[in-house]
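Summary of the model geometry
Here's the letter readout for the chains.
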Amino acid sequence: MDRTRFEHLLEAYGADFARWPVDERGAGEALARAHAAEVDAMIAEARALDAAFAAAKATPPPNAALTARILMAAPPARRPQSVAPAAVWALAACALLGVVLGYGAGALTQPSDDGSYFAAAFEAPPEAPPVGDQG
Amino acid sequence: MIDPDAEIVRRAGAGDAHAAEALVRKHLPKMVGLARRMLNDGAEAEDVAQEVFLRAWREAPRWRPGAAKFETWMHRVALNLCYDRMRRRREKVDPDAGLLVADPAPLASDAWLAQQRAARVQAALSALPERQCAAITLVHFQDMTNIAAAEALEISVEALESLLARGRRAIKAALADVAQDLIGDADGASRG
């Protein structure tokens, strides 16, 4: 790592090497040790700003009412469905088709005046001969 | 890429109340903290955090782990909501924005000074251009790694470093008039 890169990283991430890119931390610390006389003042300045940030870091926790409002809006539990909505629609469509076809077939059929079916249904059957008359 | 939230998001999306609660417990403080830093307004920060979660609840049932972690996605949503509000604010600038409102309750002098110092740092942060403010907030206040912060901002790590360096220089300059008191005391406090 050269001095320019060191200064750039110090300006970006501050004096806490734990914030530096993982693969450049070691080189940064080594340069800081090897050139302490030249970079100590810069590190102290960066550390002071880090400390100002740290002192301003605390924030109050989210209030309970906000938490409750957010949880109220969370997705509801899914109810178990025995029949899929698509199947319900398919059944309804079949029923409707059946009604339409039945109505259509009735309308297309010619009404019959032939009363033979009616007569056949209600006419008394021919009388059977008495059992004793035979032979 | 392994998303540590993948399972909990799936369960929350399926209506598991415990999973939703765990997700809120884990991420709500971060969302409120991020928005508070960006907007310097507690009520607006809560509105932003609530909106982030409303969108999270809509997204959770169809969330497919892969391109980004759920946490990164939440940060992006929060940042975009903050940017929108910051842009709207620019149309009517409140000269008192960021100044500490006098608290009627008496404070011990140390607590008062600490509050004033924090308010100065926060005011300097809020005065930054939005992307610099976001970069400083994510890395120095939310403790995100450089890679995670770059992903949340949808920029390269090099671009993040540039934003951070410019942001830190600007804050240092903004605090120059009180540097000895502000930075010196904060430094002492952090060592103590």
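Now for a description of the structure that goes with this document. Since the model is a prediction, treat every value here as computed from it, not as a measurement. (Residues numbered from 1 in each chain as written. Chains lettered and ligands numbered in written order. Predicted model: local features only at pLDDT ≥ 70, side-chain atom pairs only at ≥ 80, totals over all residues. Heavy atoms only, no water.)

Considering the overall build of chain B
Keep this limit in mind: Counting from the N terminus, the helices are the DSSP runs of H or I reaching at least four residues and the strands are the DSSP runs of E reaching at least two. Note on classification: 1.4 Å probe, protein chains only; a residue is buried when its accessible area is under 20% of the maximum for its type, exposed when over 50%, partly exposed between these limits. Per-residue and other accessible areas follow the Shrake-Rupley method at a 1.4 Å probe size, with only the shown protein chains counted as cover for residues.
Along chain B, the regular secondary structure elements total nine helices and zero strands. The N-to-C order of helical and strand elements in chain B reads α-α-α-α-α-α-α-α-α. For chain B, the proportion of its 192 residues judged to be buried stands at 45%. Summing over all exposed atoms, chain B offers an accessible surface of approximately 9,600 Å²; the carbon and sulfur share of this is 53%.

Structural notes on the packing of helix H1 (residues 3–13) of chain A against helix H8 (residues 157–174) of chain B
Heads up, the condition is: To define axes, lines are fitted to C-alpha atoms, for helices over the stretch in contact only, and angles between the resulting N-to-C directions are given on a 0 to 180 degree scale. Should an angle fall under 35 degrees it is called roughly parallel, over 145 degrees roughly antiparallel, and 65 to 115 degrees roughly perpendicular, with every other angle called oblique. Two helices cross in a left-handed way if the nearer one is turned anticlockwise from the farther one by less than a right angle. They cross in a right-handed way if the turn is clockwise. Contact criterion: two residues are considered in contact whenever any of their non-hydrogen atoms come within 4.5 Å of each other. We call Asp, Glu, Lys and Arg charged. Ala, Val, Leu, Ile, Met, Phe, Trp, Tyr, Cys and Pro are nonpolar, and the rest, Gly among them, are polar.
Relative orientation of the contacting elements H1 of chain A and H8 of chain B amounts to 70°, with a least axis distance of 7 Å. As the angle between them shows, H1 of chain A and H8 of chain B are arranged roughly perpendicular. Taken as a pair, H1 of chain A and H8 of chain B cross one another with a handedness that is left-handed. Here Arg 5, His 8, Leu 9, Leu 10, Glu 11, Ala 12 and Tyr 13 of chain A of H1 of chain A lie close against H8 of chain B, whose contacting residues are Val 157, Leu 160, Glu 161, Ser 162, Leu 164, Ala 165, Arg 168 and Arg 169 of chain B. When the residues that make up the contact of H1 of chain A with H8 of chain B are grouped by side-chain class, the tally is eight nonpolar, two polar and five charged.

Some details on the packing of aromatic side chains
Residue and element names in this part refer to chain B. Filter applied, for reference: Here a pair means two rings of Phe, Tyr or Trp (six-membered ring of Trp) with centres within 6.5 Å. Their orientation is stacked below 30 degrees between planes, edge-to-face above 60, and tilted elsewhere.
All chains considered together, the criterion is met by seven aromatic pairs over all chains. Seen from their ring centres, Trp 63 and Phe 70 are 4.9 Å apart, and the 90° between their planes marks the pair as edge-to-face. Taking the relative accessible area as the measure of exposure, Trp 63 reaches 13% and is therefore buried. Judged by relative accessible area, Phe 70 falls into the buried class, the value being 0%.

Here we look at the environment of Leu 125 of chain B
Mapping Leu 125 of chain B onto the fold places it in helix H5 (residues 109–126). As for Leu 125 of chain B and Gly 167 of chain B, which are separated by 42 residues in sequence, their C-alpha atoms are 8.1 Å apart.

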